[in-house]
Amino acid sequence: MQEDLVVIEELKKHFPTPQGTVRAVDGVSFSIVTGETLGLVGESGSGKSTTAYTLLGAYKPTEGKILFRGQDIGKPLSKRPKALKKEIQMVFQDPGTTLNPRKQVRQILLLPLGIHRVARNERMRRVRELLGLVELPEDYLFKYPHELGGGEKQTVAIARALALNPSLILLDEPTSALDVSIQAKIMNVILNIQEQLDVTYLFVTHDMSLMRNVSTRVAIMYLGKLCEIAPTVEFFENPLHPYTKMLLSSIPVLTDEEEAVKPEKVMSRGEIPSPVNVPPGCSFHLRCYDKMDICTREDPVMQEIGEGHYVRCHVFSTHG
Amino acid sequence: MTSPLLEIRSLHQQFETFKGLATVLNGVDFVVQKGEEVGLIGEAGCGKTTTMKCIMRILPMPPGKISQGEILLNGKDLLKVNLKRVHGVRGISMIFQDPTAALNPVFSIGQQLTDVAKYSLASGQRPSKREIQGSVIKVLQDVSMPDPERIMKNYPFQLSGGMRQRICIAKALIGVRDLLIADEPGTNLDVTIRDQILRLLYTLVENRAIPVILISHAIGAVRNLANTVYVMYAGSMVEVAETNELFTSPKHPYTQLLLAAVPRLTGGGIAKGITGRPPDYLKPPAGCRFHPRCPHAMQVCQEEAPVLFDAGDTHKVACFLYR
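Residues numbered from 1 in each chain as written. Chains lettered and ligands numbered in written order. Predicted model: local features only at pLDDT ≥ 70, side-chain atom pairs only at ≥ 80, totals over all residues. Heavy atoms only, no water.

Trainee: Go over the overall build of chain B with me, naming the residues and quoting the values.
Mentor: Regarding its fold elements, chain B presents 12 helices and 12 strands. With the C-alpha coordinates aligned to their principal axes, the bounding extent of chain B is approximately 65 × 50 × 45 Å. The burial tally for chain B puts 54% of its 323 residues in the buried class. Of the contacts formed within chain B by residues at least 6 apart in sequence, a portion of 64% connects residues at least 24 apart. Summed over its atoms, the accessible surface of chain B is roughly 14,600 Å², and 52% of this surface lies on carbon and sulfur atoms. Separation of charge centres in chain B, based on 36 positive and 28 negative side chains, amounts to 7 Å. (Helix = DSSP H or I, 4+ residues; strand = E, 2+ residues; numbered from the N terminus. Buried < 20%, exposed > 50% of the residue type's maximum accessible area, 1.4 Å probe, protein only. Contact = heavy atoms within 4.5 Å. Areas by Shrake-Rupley, 256 points an atom, 1.4 Å probe, with all protein chains shown as cover. Lys, Arg positive; Asp, Glu negative; His and termini not counted. Charge placed at Lys NZ, Arg CZ, Asp CG, Glu CD.)

Shown next as structure tokens:
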């Protein structure tokens, strides 16, 4: 059994707004095993990006614990030691806005090395090495972001995240702004890097088909809470939570073989409620086709159904 | 064989830019038969939306310029019709990609829909206010909006993304007589909401028997609706086939690579993708515009631009491999 790199316990992140408290993340517990790719899937507004940002340190958790190699990092980023900061890096969704338009690729990649005081004569060598890792030619050093295509920008962003040899990279929908052919290339780069450097990924996305092909385990999030978490193959062969089934059956696919893998057609209905007014009981009961009486009253708890397969639903609870 | 509903012949759309002339549509040939659902796939910037906007005649000219080609609707060339009278000639509606940008934020839903109803029904007849109101309510019910009267008083910002897209579909349905163009409906929406929107669209199309052109990044969505699928690359059609045929045996190297790049629910890892970048429209490569990225490029590909060759009864490919 491999060790856990990150353990998140009952993490909550609430944002006070004039309309009421937005419960973006509302009690999430999971762990990330060293060397794996954990896919975090959910609709917009489900809190998956907030979870990643809190892990990065951009937000201070309202409640709960984040343990990184046993060390509590659920503090404001300013209190996090520098040596720990470099262990967790992030690749953002929109490559167009995350690179400084006035800096060359060389400068963009040098910046993290400068901040973390890598020896001066080492820096340029490291930058070249990074470009090699993400399979970009060396003449890209002197290009500005506007000279690059969307996919190339994202590649530079990945190189920047790798600069300090992090052990965990948070990928926040790194390919959702790109075309499928470019997505495939970026994903290959991402997977190659994992093979070479043994980094761990938290992969945030809404694309289930992509998840099927890259992640080790999949976690589904809905309204700030996890619904289901399972190893990838088990997850797609035996999805249990009604929301998971709804998501899976909503995916338009290309072949009949894929059609056969999808669970029986579950008509998706309703929309994700606002995280300000979370429905009582199970937050999914308004859209659920398997609703029981208890669902409107009591929030179900996570339960292990099979080997590493956890579901949070009353249908599967042993006492219910 | 009956004459097609819509036929685009060798359409060339150019844009005057500061850096020179960009030929964005480089000879588009496109046919929609009566009662047919046509899908159009291709990557960002390949000219899908531009083609549709040419049909709608909503591209700004200048800087745009149609240098060659014709768009025939029931045999009548739409490009020769005076822009002011084009509404009377064609009943084509378009659903745009971003429902937020397609609705005016300062008018209520009711006002926006009644305006469309007033002008699209106006040819010859003078409907009363009550009739217009009734038709708007009916169309809102058609797109399964709960409580249409209340929705009509709402403004776009009060509705969710999925609801806005339903309003846009309603708006397009009011005036549609000949053809509905759906340009990536649901791309900005979540999977489950997109599924709802697409299912709604399928039912409406089937019930009303309106021909549809569906453009989508979600290639699977096109597979579910369309009878015929066109594949577009860098301003021209590279392949057209009956849907099943296209998805089971794609012929053009671009189509093959594109379909392979889509991650599958059955697993099997990630394909290699397509090397290189889509071409710069200011300096497109000579000959076949795909040849710099093509694994099968030959000498002739650099010199000559391929036309659509027959590769089966319902299958045409613009590639010299199939000449």
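Trainee: Please give an account of the packing of aromatic side chains that cites residues and values.
Mentor: Across all of its chains, the model carries 12 aromatic pairs over all chains by this definition. On the numbers, 5.7 Å between centres and 25° between planes, the contact of A:Y53 with A:Y59 is stacked. Using a relative accessible area of 23% as the deciding quantity, one classes A:Y53 as partly exposed. The class of A:Y59 is partly exposed, set by a relative accessible area of 29%. Plain terms: the ring middles of B:Y254 and B:F290 are 5.3 Å apart, the flat faces sit at 70° to each other, and that makes the pair edge-to-face. Of this pair, B:Y254 sits in helix 11 (residues 253–261) while B:F290 sits in the loop between helix 11 and helix 12 (299–303); the two residues are 36 residues apart in sequence, bridging distant segments of the chain. Using a relative accessible area of 0% as the deciding quantity, one classes B:Y254 as buried. (Phe/Tyr/Trp six-rings, centres within 6.5 Å; stacked < 30°, edge-to-face > 60°.)

Trainee: Give me the lowdown on the pattern of salt bridges, citing residues and values where you can.
Mentor: Residue and element names in this part refer to chain A. Scanning all chains against the criterion turns up 24 salt bridges over all chains. Between E87 and R69 there is a salt bridge; the shortest N-O distance is 3.8 Å. Separated by 18 residues along the polypeptide, E87 in the loop between helix 2 (82–85) and strand 6 (88–91) and R69 in the loop between strand 4 (63–68) and strand 5 (71–72) bring together distant segments of the chain. The class of R69 is partly exposed, set by a relative accessible area of 49%. (Salt bridge = Lys/Arg side-chain N within 4 Å of Asp/Glu carboxyl O.)

Trainee: Quick rundown of the interface of chain A and chain B? Include the residues and the values.
Mentor: With 47 residues of chain A in contact, the opposing surface of chain B contributes 41 residues. Interface area lost by chain A to chain B is led by A:N213, A:L254 and A:E271, which between them contribute 20%. The residue A:E258 makes a salt bridge to B:R264 at a minimum N-O spacing of 4.0 Å. For the pair chain A and chain B, the interface holds 16 residue pairs in polar contact (both at pLDDT 80 or more). The element contributing the most residues to the side of chain A that touches chain B is helix 7 (residues 180–197) of chain A, with 9 residues. Tallied by class, the residues present in the side of chain A that touches chain B amount to 19 nonpolar, 12 polar and 16 charged. (Buried area = accessible area lost by both parts, 1.4 Å probe. Polar contact = N/O pair within 3.5 Å; in protein donor to acceptor, adjacent residues only side chain to side chain. Nonpolar A, V, L, I, M, F, W, Y, C, P; charged D, E, K, R; others polar.)

Trainee: Tell me about the environment of A:P137, residues and numbers included.
Mentor: Within the fold, A:P137 resides in the loop between helix 5 (120–133) and helix 6 (150–162). Given a relative accessible area of 40%, A:P137 falls into the partly exposed group.

Trainee: Could you give an account of helix 1 (residues 48–56) of chain A, with specific residues and numbers?
Mentor: Residue and element names in this part refer to chain A. Judged by how many residues are buried, helix 1 sits mostly within the fold: 7 of 9 residues are covered. Those residues of helix 1 that sit buried are K48, T50, T51, A52, T54, L55 and L56. Remark: G57 follows helix 1 within two positions and exhibits a positive phi of approximately 105°.

Trainee: Quick rundown of the sheet that holds strand 1 (residues 6–17) of chain B? Include the residues and the values.
Mentor: All names here are of chain B. Here 4 strands make up an open sheet; going across it, the order is 2-1-4-5 and the pairing antiparallel. Since the sheet does not close on itself, it has two edges, and those belong to strand 2 (20–32) and strand 5 (76–77), each with one partner. Bridge count for strand 1 against strand 2 is 10 bridges, and the pairing is antiparallel. Of the residues in strand 2, the one forming a bridge with H12 is N26. Against the sheet, helix 1 (residues 48–56) touches strand 1, strand 2 and strand 4 (64–73), its axis set at about 105° to strand 1. (Pairing = 2+ DSSP bridges. Axes fitted to C-alpha atoms, helices over the stretch in contact; angles between N-to-C directions.)

Trainee: Provide a residue-level description of the side chain of B:E239, including the pertinent values.
Mentor: By the secondary structure assignment, B:E239 is in strand 10 (residues 236–242). Among all residues touching B:E239, those that are not within four sequence positions of it are B:V229, B:Y230, B:V231, B:L246, B:P250, B:K251, B:H252, B:T255, B:L308, B:H315, B:K316 and B:V317.

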